[in-house]
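Here is how the chains run, residue by residue.
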Amino acid sequence: MRLRETVDHFLSQFRGQRILLYPNPGNAGDCLILTGTVAALDRAGVQYSVIPRQADVTGATVLVGGGGNLVPLYRDISDALERFLPRAARIVILPHTIRGHSRLLRRFNERVVVLCREAESLKYVRRINPHVESALGHDMAFHIDAEHLLARTDLTVRAMPIIEASLATAGLSLDSMRAMPRVRFMRTDIESTGTCSAGHMDLSATLGGVSCVASAEITTFTLLKIVSTARHIETDRLHVAIAAALCGVPCDLHDNSYGKNGAVFAASLSSFANVRLVESSRPANAWDRLTPDERRLSLRRDLRPKRIVKRIGFWARRLEGMVSNSMSSRH
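Residues numbered from 1 in each chain as written. Predicted model: local features only at pLDDT ≥ 70, side-chain atom pairs only at ≥ 80, totals over all residues. Heavy atoms only, no water.

> Sorry if this is basic, but what is going on with the packing of aromatic side chains here?
For any two aromatic rings, the description comes down to two numbers: the centre-to-centre distance and the angle of the planes. One pass over the structure, following the stated rule, counts 3 aromatic pairs. Relative to phenylalanine 272, the ring of phenylalanine 142 lies with its centre 5.8 Å away and its plane at 15°, an arrangement referred to as stacked. Of this pair, phenylalanine 142 sits in the loop between strand S7 (133–136) and helix H6 (146–150) while phenylalanine 272 sits in the loop between helix H12 (260–267) and strand S11 (275–277), and the two are 130 residues apart along the sequence. A single burial state applies to phenylalanine 142 and to phenylalanine 272, both of which are buried. (Phe/Tyr/Trp six-rings, centres within 6.5 Å; stacked < 30°, edge-to-face > 60°. Helix = DSSP H or I, 4+ residues; strand = E, 2+ residues; numbered from the N terminus. Buried < 20%, exposed > 50% of the residue type's maximum accessible area, 1.4 Å probe, protein only.)

> How should the confidence of the model for the protein be read in this particular structure?
Close inspection of predicted coordinates is inappropriate for parts of the model with low pLDDT. Across the protein, pLDDT averages 88, with 84% of residues at or above 70. This model gives residues 281–290 a pLDDT under 50, and the stretch forms 13 contacts once residues within four places in sequence are excluded. The low-confidence segment residues 321–331 (pLDDT under 50) makes 0 contacts with residues lying over four places distant or belonging to another chain. (pLDDT = per-residue confidence, 0-100. Contact = heavy atoms within 4.5 Å.)

> Help me out: how do you make sense of the sheet that holds S11 in this one?
Hydrogen bonds along the backbone pair up the strands of a sheet, which may run parallel or antiparallel. The 4 strands lie next to each other as S8-S9-S10-S11, forming an open sheet whose pairing is parallel. Both outer strands of the open sheet, strand S8 (183–185) and S11, are each paired with one neighbouring strand and no more. On average, each strand axis in the sheet is tilted by 20° relative to the strand beside it, whichever way the strands run. Sheet topology note: the strand S10 (residues 251–253)/S11 ladder contains 3 bridges and is parallel. Following the sheet pairing, aspartate 252 is matched in S11 by arginine 276. (Pairing = 2+ DSSP bridges. Axes fitted to C-alpha atoms, helices over the stretch in contact; angles between N-to-C directions.)

> For this particular structure, what's the right way to read the pattern of salt bridges?
Where charged atoms from two side chains of opposite charge come close, those side chains can pair. Summed over the entire model, instances satisfying the criterion amount to 19 salt bridges. Here glutamate 191 makes a salt bridge to arginine 187, at a shortest N to O gap of 3.5 Å. The same class applies to glutamate 191 and to arginine 187, which are both buried. Residues glutamate 191 and lysine 260 are paired through a salt bridge, measuring 3.0 Å at the closest nitrogen-oxygen approach. (Salt bridge = Lys/Arg side-chain N within 4 Å of Asp/Glu carboxyl O.)

> I keep staring at the packing of helix H7 (residues 153–168) against helix H10 (residues 213–229) and nothing clicks. Help me out?
If you want to describe how two helices pack, look at the angle between their axes and the distance between the axes. It is the contact of H7 with H10, at a shortest axis distance of 9 Å, that shows an interaxial angle of 60°. Classified by the interaxial angle, the pair formed by H7 and H10 is oblique. Note that H7 runs across H10; the crossing there is right-handed. Contacts between H7 and H10 involve Leu155, Thr156, Arg158, Ala159, Ile162, Ile163 and Leu167 on the former and, on the latter, Glu217, Ile218, Phe221, Thr222, Lys225 and Ile226. (Parallel < 35°, antiparallel > 145°, perpendicular 65-115°, else oblique. Left-handed = near helix turned anticlockwise from the far one by under 90°.)

> Teacher, can you tell me more about the pairing of strand S3 (residues 61–64) here?
Put simply, side chains in a regular strand alternate between the two faces of the sheet. Burial along S3 is two-sided: Thr61 and Leu63 and Val62 and Val64, pointing in opposite directions, are all buried. As paired elements, strand S1 (residues 18–22) and S3 share 3 bridges and run parallel to each other. Following the sheet pairing, leucine 20 is matched in S3 by valine 62. In terms of strand pairing, S3 meets strand S5 (residues 90–98) through 4 bridges, oriented parallel.

> Before we go on, may I ask you to explain the nonpolar core in this structure?
In a soluble, globular protein the nonpolar side chains are often hidden away together inside. Of all hydrophobic cores here, the largest spans 45 residues; its most connected members are Phe185, Leu203, Ile226 and Leu269. The element best represented in this core is helix H11 (residues 238–247), accounting for 8 residues. Every residue in contact with leucine 269, bar those within four places of it in the chain, is listed here: Phe142, Leu238, Ala241, Ile242, Ala245, Leu253, Val264 and Val275. Of all hydrophobic cores here, the second largest spans 29 residues; its members include Ile51, Val57, Ile93 and Val125. (Core = buried A, V, L, I, M, F, W, Y, C linked by side-chain atoms within 4.5 Å.)

> Mind showing me how you'd approach H12 here?
Every α-helical turn comprises 3.6 residues, leaving residues that sit three or four positions apart pointing alike. Among the 8 residues of H12, 6 are classified as buried, and the element is accordingly described as predominantly covered. Those residues of H12 that fall on the buried side of the exposure criterion are Lys260, Asn261, Gly262, Ala263, Val264 and Phe265. Looking at the buried positions of H12, the neighbouring elements they touch are S5, helix H5 (119–128), H11, S10 and S11.

> What is the right way to read the pairing of strand S6 (residues 112–116) from this model?
Along S6, 5 of the 5 residues are buried, which leaves the element largely enclosed by surrounding structure. Residues of S6 alternate between two faces, with Val112, Val114 and Cys116 on one and Val113 and Leu115 on the opposite face, all of them buried. Note: S5 against S6, 4 bridges, orientation parallel. Bridged to isoleucine 91 within S6 is valine 112. Taking the sense of rotation as the criterion, the β-α-β connection linking S5, helix H4 (residues 102–107) and S6 turns out right-handed. Here 4 bridges tie S6 to S7, and the two strands are oriented parallel to one another. Paired with valine 114 across the bridge in S7 is serine 134. This β-α-β element, S6 to H5 to S7, shows right-handed connectivity. (Right-handed = clockwise from strand over helix to strand, strands pointing away.)

Put into structure tokens, the structure is as follows:
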């Protein structure tokens, strides 16, 4: 698959080596990311050990799992990087969406490589730290062979009870989904824009998150099986849309609160004919597009004494002109 080429080529330099892998913790979407990462490492012939954040990484090469955790809403990946930076010989951040965390980004040096999964993140990283090695790389979930995974009978046996129980919480089943013209898997967390009506269930949150490689594989199978059963999906969960892309299921994707979905659609999902980005009814707002760091910088700039005096002068002149025009109109 074309979407795998950049990361596959990059990982080939570690063939025969043993590296450390710190997965991105999170929901079922992060399980897809971990499963795809393991598949890419296996194809590249790279040996790896999965580590917790507290692991000793002194002198080691550390791969930090991809995803959408390096944004102001979360601190898992940034906290891990703070710990790894002084000790690791090399750190590779696998394809990530990156917003904020500018102080951390400025600390990155020649020992760090940053892979971004969309152009907006790459532009941001290069603006904050033009000296760090950075490049584009598609989301690691695209490294999954969905057809092969869904054909595995061992995963089917282990996952079916989980699938039935998870769907039952929303009053669904695989049979009922097959009869529905459209299934809506909408997020219920802080990344929701609040502009979409309620969904049938928040699939990524319901299925749980990353604990180990084996459980992540089962969760990945579970999500892919549910998605592949639907006739049409509507979602604002990025990895539900990626699962739909991999399974060939028609999917309408809404954006999330800070534009991640739209950016990844432009970089990757737009190449799948079965996935469509739904234009948001939310009015465009330049302030909304700024990162928290950029907003704080803008506010600090606006609150500088010279700028305040300048603004007061501007509005004083405006008011003077309005009064003068009003007086003139009376005569």
